[in-house]
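# Coordinate inspection notes
Residues per chain are reported as follows:
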Amino acid sequence: MKKLFLVGALALFGAMNAQTSKGTWMVSGKTELGFNSTETKVEFQGANVVESKTTSFTLNPAASYFVIDNLAIGLGLGFNSSKTGDDKSNTFSVMPQA
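Residues numbered from 1 in each chain as written. Predicted model: local features only at pLDDT ≥ 70, side-chain atom pairs only at ≥ 80, totals over all residues. Heavy atoms only, no water.

## Quick word on the side chain of Ser64
Mapping Ser64 onto the fold places it in strand β4 (residues 62-68). Take Ser64: its relative accessible area is 4%, and that puts it in the buried class. A distance of 3.1 Å separates a polar atom in the side chain of Ser64 from a polar atom in the side chain of Gln97. Apart from the residues within four sequence positions on either side, Ser64 is in contact with Thr24, Trp25, Met26, Ala72, Ile73, Gly74 and Gln97. (Helix = DSSP H or I, 4+ residues; strand = E, 2+ residues; numbered from the N terminus. Buried < 20%, exposed > 50% of the residue type's maximum accessible area, 1.4 Å probe, protein only. Polar contact = N/O pair within 3.5 Å; in protein donor to acceptor, adjacent residues only side chain to side chain. Contact = heavy atoms within 4.5 Å.)

Shown next, in the form of structure tokens:
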């Protein structure tokens, strides 16, 4: 079992070193796609006082290109859409990476 773990770790280490050479692409670990829906009800003395429903959607892809060995430049994009009742908000972001 120890030998298998060692071989796997060495193979992973070798693959990770190959990713930092000039001319290769890297997709960031922050790539995310998520959906969320929450419904809240507050009851006080038998009557509904507050009732709201929140729905959100998030998308955050990022990619980088190695211009020289061990130096990558890239761009991350972010989009978040959220709706609570009648209120809706959209957020777009651009995140440079080096």
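Moving on, there is more to tell.
## A look at the side chain of Ser81
Residue placement: Ser81 occurs in strand β5 (residues 71-84). Only 2.8 Å separates the side chain of Ser81 from the side chain of Asn90, close enough to count as a polar contact. Sequence-distant contacts of Ser81, that is, excluding residues within four places in its chain, are made with Thr55, Ser56, Phe57, Lys88, Ser89 and Asn90.

## Focus: the environment of Ser82
Note that Ser82 resides in strand β5. Setting aside chain neighbours within four positions, we find Ser82 in contact with Thr54, Thr55, Ser56, Asp87, Lys88 and Ser89.

## Overview of the pattern of salt bridges
Across all of its chains, the model carries 1 salt bridge by this definition. The salt bridge involving Glu39 is made with Lys41; its shortest N-O contact spans 3.9 Å. The exposed category is assigned to Lys41, whose relative accessible area is 54%. (Salt bridge = Lys/Arg side-chain N within 4 Å of Asp/Glu carboxyl O.)

Keep in mind these numbers describe shape, not what the thing actually does.
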